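The residues making up each chain are set out below.
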Amino acid sequence: ATAAALYHTRWEAYRQLGAEAKAAQARADLEKIGRLNEEAKGAYNLGVRLTKAGDDENAAAKFREALALDPNLRPALLGLATSSLKMGKAEEAYAAAETMLKADSQDKEALKIRYNAALKLNDEAKLAAALAGMATVDPATAELGVLKLANAAFDRDDMATAQERYRQVLGINASNPKAHL
(Lines give C-alpha, C1' and ligand atoms only; values in the text may rest on other atoms or scores of the structure.)
Protein backbone atom coordinates (compact mmCIF):
# COMPACT_ATOMS: atom_id res chain seq x y z
CA ALA A 1 0.00 0.00 0.00
CA THR A 2 1.11 3.53 -0.71
CA ALA A 3 1.60 6.11 2.01
CA ALA A 4 -1.43 8.01 0.68
CA ALA A 5 -3.65 4.94 0.93
CA LEU A 6 -2.38 4.23 4.45
CA TYR A 7 -3.01 7.81 5.61
CA HIS A 8 -6.44 7.83 4.05
CA THR A 9 -7.39 4.52 5.70
CA ARG A 10 -6.12 5.81 9.05
CA TRP A 11 -8.08 9.08 8.75
CA GLU A 12 -11.24 7.25 7.66
CA ALA A 13 -11.02 4.78 10.56
CA TYR A 14 -10.52 7.50 13.20
CA ARG A 15 -13.30 9.59 11.67
CA GLN A 16 -15.76 6.69 11.73
CA LEU A 17 -14.80 5.84 15.31
CA GLY A 18 -15.45 9.43 16.35
CA ALA A 19 -11.89 9.91 17.61
CA GLU A 20 -11.76 13.56 16.63
CA ALA A 21 -8.25 14.40 17.84
CA LYS A 22 -6.72 11.38 16.14
CA ALA A 23 -8.81 11.98 13.01
CA ALA A 24 -7.57 15.58 12.93
CA GLN A 25 -3.95 14.44 13.16
CA ALA A 26 -4.51 11.80 10.50
CA ARG A 27 -6.15 14.44 8.31
CA ALA A 28 -3.18 16.76 8.79
CA ASP A 29 -0.86 13.94 7.75
CA LEU A 30 -2.99 13.23 4.71
CA GLU A 31 -3.01 16.90 3.75
CA LYS A 32 0.77 16.94 3.96
CA ILE A 33 1.00 14.47 1.16
CA GLY A 34 -1.63 16.33 -0.85
CA ARG A 35 -4.15 13.55 -1.21
CA LEU A 36 -7.04 15.01 0.75
CA ASN A 37 -7.92 17.53 -1.92
CA GLU A 38 -7.72 14.92 -4.65
CA GLU A 39 -9.96 12.58 -2.64
CA ALA A 40 -12.49 15.40 -2.18
CA LYS A 41 -12.47 16.18 -5.91
CA GLY A 42 -12.93 12.50 -6.71
CA ALA A 43 -15.94 12.22 -4.39
CA TYR A 44 -17.34 15.45 -5.82
CA ASN A 45 -16.90 14.26 -9.42
CA LEU A 46 -18.67 11.01 -8.61
CA GLY A 47 -21.47 13.05 -7.04
CA VAL A 48 -21.81 15.04 -10.26
CA ARG A 49 -22.02 11.84 -12.32
CA LEU A 50 -24.67 10.46 -9.96
CA THR A 51 -26.65 13.71 -10.23
CA LYS A 52 -26.56 13.52 -14.01
CA ALA A 53 -27.81 9.93 -13.75
CA GLY A 54 -30.72 11.14 -11.59
CA ASP A 55 -29.47 9.50 -8.38
CA ASP A 56 -29.73 12.48 -6.03
CA GLU A 57 -29.63 10.40 -2.84
CA ASN A 58 -26.23 8.85 -3.61
CA ALA A 59 -25.01 12.10 -5.17
CA ALA A 60 -25.75 13.92 -1.91
CA ALA A 61 -23.83 11.24 -0.01
CA LYS A 62 -20.82 11.80 -2.28
CA PHE A 63 -21.06 15.56 -1.86
CA ARG A 64 -21.14 15.06 1.93
CA GLU A 65 -18.07 12.82 1.63
CA ALA A 66 -16.29 15.48 -0.42
CA LEU A 67 -17.15 18.11 2.21
CA ALA A 68 -15.87 15.87 5.00
CA LEU A 69 -12.57 15.78 3.12
CA ASP A 70 -12.56 19.46 2.18
CA PRO A 71 -15.15 21.64 3.94
CA ASN A 72 -14.27 24.57 1.67
CA LEU A 73 -15.05 22.81 -1.62
CA ARG A 74 -17.75 25.20 -2.82
CA PRO A 75 -18.92 23.06 -5.75
CA ALA A 76 -19.62 20.20 -3.32
CA LEU A 77 -21.66 22.53 -1.11
CA LEU A 78 -23.60 23.68 -4.15
CA GLY A 79 -24.13 20.07 -5.23
CA LEU A 80 -25.32 19.09 -1.76
CA ALA A 81 -27.68 22.06 -1.56
CA THR A 82 -29.13 21.38 -5.00
CA SER A 83 -29.50 17.62 -4.49
CA SER A 84 -31.03 18.12 -1.06
CA LEU A 85 -33.55 20.59 -2.41
CA LYS A 86 -34.52 18.21 -5.22
CA MET A 87 -35.03 15.41 -2.68
CA GLY A 88 -37.22 17.58 -0.47
CA LYS A 89 -34.57 17.92 2.25
CA ALA A 90 -35.07 21.64 2.54
CA GLU A 91 -33.37 22.00 5.94
CA GLU A 92 -30.14 20.46 4.61
CA ALA A 93 -30.35 22.61 1.46
CA TYR A 94 -30.90 25.73 3.58
CA ALA A 95 -27.92 24.88 5.81
CA ALA A 96 -25.64 24.25 2.83
CA ALA A 97 -26.70 27.54 1.24
CA GLU A 98 -26.06 29.36 4.53
CA THR A 99 -22.56 27.86 4.65
CA MET A 100 -21.90 29.09 1.13
CA LEU A 101 -23.17 32.55 2.05
CA LYS A 102 -20.74 32.76 4.97
CA ALA A 103 -17.93 32.68 2.42
CA ASP A 104 -19.68 35.03 -0.05
CA SER A 105 -22.81 36.86 1.08
CA GLN A 106 -23.64 37.80 -2.54
CA ASP A 107 -23.39 34.28 -4.00
CA LYS A 108 -26.37 34.29 -6.39
CA GLU A 109 -26.77 30.51 -6.51
CA ALA A 110 -26.66 30.20 -2.73
CA LEU A 111 -29.15 33.05 -2.29
CA LYS A 112 -31.61 31.39 -4.67
CA ILE A 113 -31.23 27.96 -3.07
CA ARG A 114 -31.70 29.44 0.41
CA TYR A 115 -34.86 31.20 -0.79
CA ASN A 116 -36.30 28.05 -2.39
CA ALA A 117 -35.44 25.98 0.69
CA ALA A 118 -37.07 28.56 2.97
CA LEU A 119 -40.22 28.41 0.84
CA LYS A 120 -40.36 24.64 1.28
CA LEU A 121 -39.68 24.89 5.01
CA ASN A 122 -42.61 27.27 5.44
CA ASP A 123 -40.56 29.10 8.08
CA GLU A 124 -41.44 32.80 8.00
CA ALA A 125 -38.25 33.96 9.74
CA LYS A 126 -36.02 32.01 7.35
CA LEU A 127 -38.10 33.16 4.41
CA ALA A 128 -37.79 36.80 5.46
CA ALA A 129 -34.00 36.43 5.80
CA ALA A 130 -33.81 34.68 2.42
CA LEU A 131 -35.90 37.39 0.77
CA ALA A 132 -33.70 40.10 2.26
CA GLY A 133 -30.71 38.42 0.64
CA MET A 134 -32.56 38.00 -2.65
CA ALA A 135 -33.02 41.78 -2.87
CA THR A 136 -29.55 42.11 -4.37
CA VAL A 137 -30.02 39.46 -7.09
CA ASP A 138 -33.76 39.56 -7.76
CA PRO A 139 -35.31 42.68 -6.23
CA ALA A 140 -38.75 42.12 -7.77
CA THR A 141 -39.09 38.65 -6.19
CA ALA A 142 -37.77 39.95 -2.88
CA GLU A 143 -40.12 42.93 -2.87
CA LEU A 144 -43.19 40.84 -3.68
CA GLY A 145 -42.25 38.12 -1.19
CA VAL A 146 -41.63 40.50 1.70
CA LEU A 147 -44.82 42.37 0.86
CA LYS A 148 -46.76 39.09 1.10
CA LEU A 149 -45.16 38.41 4.49
CA ALA A 150 -46.03 41.93 5.64
CA ASN A 151 -49.65 41.54 4.54
CA ALA A 152 -49.89 38.13 6.24
CA ALA A 153 -48.60 39.64 9.49
CA PHE A 154 -51.07 42.50 9.14
CA ASP A 155 -53.95 40.06 8.53
CA ARG A 156 -53.13 38.13 11.68
CA ASP A 157 -52.96 41.40 13.62
CA ASP A 158 -49.20 41.16 14.27
CA MET A 159 -48.54 44.84 13.72
CA ALA A 160 -44.93 44.84 14.96
CA THR A 161 -43.93 42.20 12.40
CA ALA A 162 -46.04 43.84 9.69
CA GLN A 163 -44.32 47.20 10.24
CA GLU A 164 -40.91 45.55 10.18
CA ARG A 165 -41.74 43.78 6.90
CA TYR A 166 -43.22 46.92 5.31
CA ARG A 167 -39.98 48.73 6.22
CA GLN A 168 -38.09 45.90 4.50
CA VAL A 169 -40.20 46.41 1.37
CA LEU A 170 -39.42 50.13 1.44
CA GLY A 171 -35.73 49.28 1.78
CA ILE A 172 -35.98 47.33 -1.45
CA ASN A 173 -38.24 49.82 -3.24
CA ALA A 174 -38.85 53.11 -1.46
CA SER A 175 -41.66 54.03 -3.85
CA ASN A 176 -43.81 50.93 -3.28
CA PRO A 177 -47.23 52.43 -2.48
CA LYS A 178 -48.49 49.24 -0.84
CA ALA A 179 -45.83 49.41 1.86
CA HIS A 180 -46.83 52.86 3.15
CA LEU A 181 -49.25 52.56 6.06
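For clarity, every value in this text was computed on a predicted model and none was experimentally measured.

Scanning the protein from terminus to terminus reveals 10 helices and zero strands. Along the chain direction, N to C, the helices and strands of the protein fall in the order α-α-α-α-α-α-α-α-α-α. Against the compact-globule benchmark of 16 Å for 181 residues, the protein has a radius of gyration of 21 Å, which places it well outside the compact range. Seen along its three principal axes, the alpha-carbon backbone of the protein occupies a region of about 70 × 35 × 25 Å. Scored against the burial criterion, the 181 residues of the protein give a buried share of 36%. Approximately 9900 Å² of the protein is accessible, and the part contributed by carbon and sulfur atoms is 53%. Seen as two clouds, the 25 positive and the 25 negative side-chain charges of the protein have centres 3 Å apart.

Take helix 9 (residues 139-155) next. The first and last C-alpha atoms of helix 9 sit 24 Å apart over 17 residues, in line with the 24 Å expected at 1.5 Å per residue. Every buried residue belonging to helix 9 is among Ala142, Glu143, Gly145, Val146, Leu147, Leu149, Ala150 and Ala153, and all of these are buried. Looking at the packing, one finds that the buried side of helix 9 touches helix 8 (124-134) and helix 10 (159-172). Phi turns positive one or two residues past the end of helix 9, at Asp157, with a value near 65 degrees.

A few words now on the nonpolar core. Ranked by size, the top nonpolar core spans 48 residues in total, and within it Ile113, Tyr115, Ala117, Leu127, Leu131 and Tyr166 carry the most contacts. Per-element accounting of this core gives the leading share, seven residues, to helix 6 (residues 90-103). Discounting residues that sit within four places of it in the chain, Ala117 has contacts with Leu85, Ala90, Ala93 and Tyr94.

Thresholds applied
Residues numbered from 1 in each chain as written. Predicted model: local features only at pLDDT ≥ 70, side-chain atom pairs only at ≥ 80, totals over all residues. Heavy atoms only, no water. Helix = DSSP H or I, 4+ residues; strand = E, 2+ residues; numbered from the N terminus. Rg over C-alpha atoms; globule rule 2.2 N^0.38 Å. Buried < 20%, exposed > 50% of the residue type's maximum accessible area, 1.4 Å probe, protein only. Areas by Shrake-Rupley, 256 points an atom, 1.4 Å probe, with all protein chains shown as cover. Lys, Arg positive; Asp, Glu negative; His and termini not counted. Charge placed at Lys NZ, Arg CZ, Asp CG, Glu CD. Expected span 1.5 Å × (residues − 1). Contact = heavy atoms within 4.5 Å. Core = buried A, V, L, I, M, F, W, Y, C linked by side-chain atoms within 4.5 Å.

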